[in-house]
Amino acid sequence: MAPSPSGRMHLGNVFAFLIAWADALQNSGNLILRVDDLDDRCKKPEVLEALIADLKWLGLDWDGDAIYQSERIDVYKDAWRELEKVAEVYPCFCSRADLHSASAPHASDGTPIYDGKCRALTTEQIAELKEQKPPATRIAVPDSEITAHDYFYGDVTANLKTECGDMIMKRSDGVFSYQFTNAVDDALLGVNRIVRGNDLLSSAPREVWLISELAKVISDINTEDIEFVHLPMLVNVNGQRLAKRDHSLDLGEIQKTGATPEHVIGKISHLIGLTEKFELISAQEFQAEFSLEQLRSKTQFEVPANLFAA
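Scope of this entry: the structure provided in the associated data block. The shown structure was predicted, so the numbers you read here are calculated from the model rather than taken from an experiment. (Residues numbered from 1 in each chain as written. Predicted model: local features only at pLDDT ≥ 70, side-chain atom pairs only at ≥ 80, totals over all residues. Heavy atoms only, no water.)

Digging into the packing of aromatic side chains
Under the definition given, this model contains 7 aromatic pairs. Judged by centre distance (6.4 Å) and plane angle (65°), the rings of Tyr76 and Phe176 are edge-to-face. In this pair, Tyr76 is assigned in helix H3 (residues 73-83) and Phe176 in the loop between strand S7 (167-170) and helix H7 (178-188), connecting sequence segments 100 residues apart. Given the relative accessible area of 0%, Tyr76 is considered buried. Look at Phe286 and Phe290: their rings are 5.1 Å apart centre to centre, the planes differ by 15°, and that puts the pair in the stacked class. In this structure Phe290 comes out as buried when scored by relative accessible area, which is 4%. Each member of the aromatic cluster is reached from another via a ring pair, and the members are Tyr76, Trp80, Phe176 and Phe180. Cation over ring: Arg138 sits above Tyr114, and NZ or CZ is 3.6 Å from the ring centre. (Phe/Tyr/Trp six-rings, centres within 6.5 Å; stacked < 30°, edge-to-face > 60°. Helix = DSSP H or I, 4+ residues; strand = E, 2+ residues; numbered from the N terminus. Buried < 20%, exposed > 50% of the residue type's maximum accessible area, 1.4 Å probe, protein only. Lys NZ or Arg CZ within 6 Å of the ring centre and 35° of its normal.)

A closer look at the pattern of salt bridges
Throughout the structure, instances matching the rule amount to 18 salt bridges. For Glu88, the salt bridge identified is with Arg119, shortest N-O distance 3.0 Å. You can see Glu88 sitting in the loop between H3 and strand S3 (89-92) and its partner Arg119 sitting in the loop between helix H4 (96-100) and helix H5 (123-130), a full 31 residues away along the chain. Accessibility expressed as a relative area gives 40% for Glu88, which makes it partly exposed. A residue is classified by how much of its surface remains accessible, and Arg119, at 33% relative accessible area, is partly exposed. Counted as one network, the salt bridges with shared partners bring together Arg34, Asp36, Arg72, Asp185 and Asp186. (Salt bridge = Lys/Arg side-chain N within 4 Å of Asp/Glu carboxyl O.)

Quick look at H3
Turning to H3, its buried residues are Tyr76, Ala79, Trp80 and Leu83. The buried residues of H3 all sit within an arc of 105° when viewed along its axis, so they share a single face. The inward-facing, buried residues of H3 contact S3, strand S4 (136-139), S7, H7 and helix H8 (204-215). (Arc of directions from axis to C-beta. Contact = heavy atoms within 4.5 Å.)

As for the environment of Leu201
With respect to the secondary-structure elements, Leu201 resides in the loop between strand S8 (193-197) and H8. Under the relative-accessibility criterion, Leu201 is labelled buried at 18%. Non-local contacts of Leu201, meaning those with residues more than four positions away in its chain, are made with Asp150, Tyr153, Val156 and His230.

Topic: the sheet that holds S7
In space, the 3 strands of this open sheet follow the order S3-S4-S7, with antiparallel pairing throughout. The open sheet has two free edges, formed respectively by S3 and S7, since each of these has just one partner strand. Across the sheet, the axes of successive neighbouring strands diverge by a mean angle of 45°, strand direction being ignored. One ladder, built from 4 bridges, connects S3 with S4; its direction is antiparallel. Paired with Cys92 across the bridge in S4 is Ala136. (Pairing = 2+ DSSP bridges. Axes fitted to C-alpha atoms, helices over the stretch in contact; angles between N-to-C directions.)

Remarks on the packing of H7 against H8
Relative orientation of the contacting elements H7 and H8 amounts to 60°, with a least axis distance of 9 Å. One way to sum up the angle between H7 and H8 is to call them oblique. With respect to the hand of their crossing, H7 and H8 are arranged in right-handed fashion. Every residue of H8 that contacts H7 at Gln179, Phe180, Asn182, Ala183, Val184, Asp186 and Ala187 is listed here: Arg206, Glu207, Leu210, Ile211 and Leu214. Classifying every residue of the contact of H7 with H8 by side-chain character gives 7 nonpolar, 2 polar and 3 charged. (Parallel < 35°, antiparallel > 145°, perpendicular 65-115°, else oblique. Left-handed = near helix turned anticlockwise from the far one by under 90°. Nonpolar A, V, L, I, M, F, W, Y, C, P; charged D, E, K, R; others polar.)

Here we look at the side chain of Ser203
With respect to the helices and strands, the residue Ser203 is situated in the loop between S8 and H8. Take Ser203: its relative accessible area is 6%, and that puts it in the buried class. Polar contacts involving the side chain of Ser203 include one to the side chain of Arg196, which spans 3.0 Å. Those residues in contact with Ser203, other than ones at most four positions away along the chain, are Gln179 and Arg196. (Polar contact = N/O pair within 3.5 Å; in protein donor to acceptor, adjacent residues only side chain to side chain.)

These figures capture arrangement, not role.
Have a look at this one:
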């Protein structure tokens, strides 16, 4: 879970964690709380404390201690050194403007597909470009189909070369990418079920492939098939996924209206059709009544900005 700069959760975060929590309990599984706090703005103690406090206020818990990615840098560095032994990696100097230019290849959803431009740079060209700016680091992906399995969508297959291109593993500031760190964590921590929003559906085959590459050089990698559960998104009236821009749906603002945890969970329950009308519901009551099947065939739920208006 990635904290916002304020640390307060918005309703989309709450929804995803609530579903993951209920699903883990229903399947006698262990729920891992991993905080994606590699960005400096997310490392502030008050930000992390606010995130934990929000979850506890809602009545949600997890197994073991929370795992902070900022405390696992050495783990990622070790995994990276091993991955370099079996993968082709190279520096990339392309700017965001380069990737989004009209002449660059794009997927049907408008996402840029990296064309491997920097993969062909010579040693001399690399040295010259490094004097101008620090590069990101990409990994060369195969020209073959990789399949991940999702609870709702079934087999999700992608040709990594033609549908995303070589992936960034390190940003130009040296920070490891979301795709890399999450693959390492899921592999080493033995995760076999990933619950998250369907905006990340296309990244599932990429993670499956990365884990298979890591398994070639790291003996204690989890090689069991991972099942993904890509949830419908909570979106605002403009069809955009909920984020910090939807200030009225930030838990800090919601609490100012006098809403209780049962109020918040009750609103989510009614929004997704678990209840016919709004009623106060605790986390435990939600867990007892909820089923993933209730979300099948749903892709998003629209959330009015005044959902918690006093």
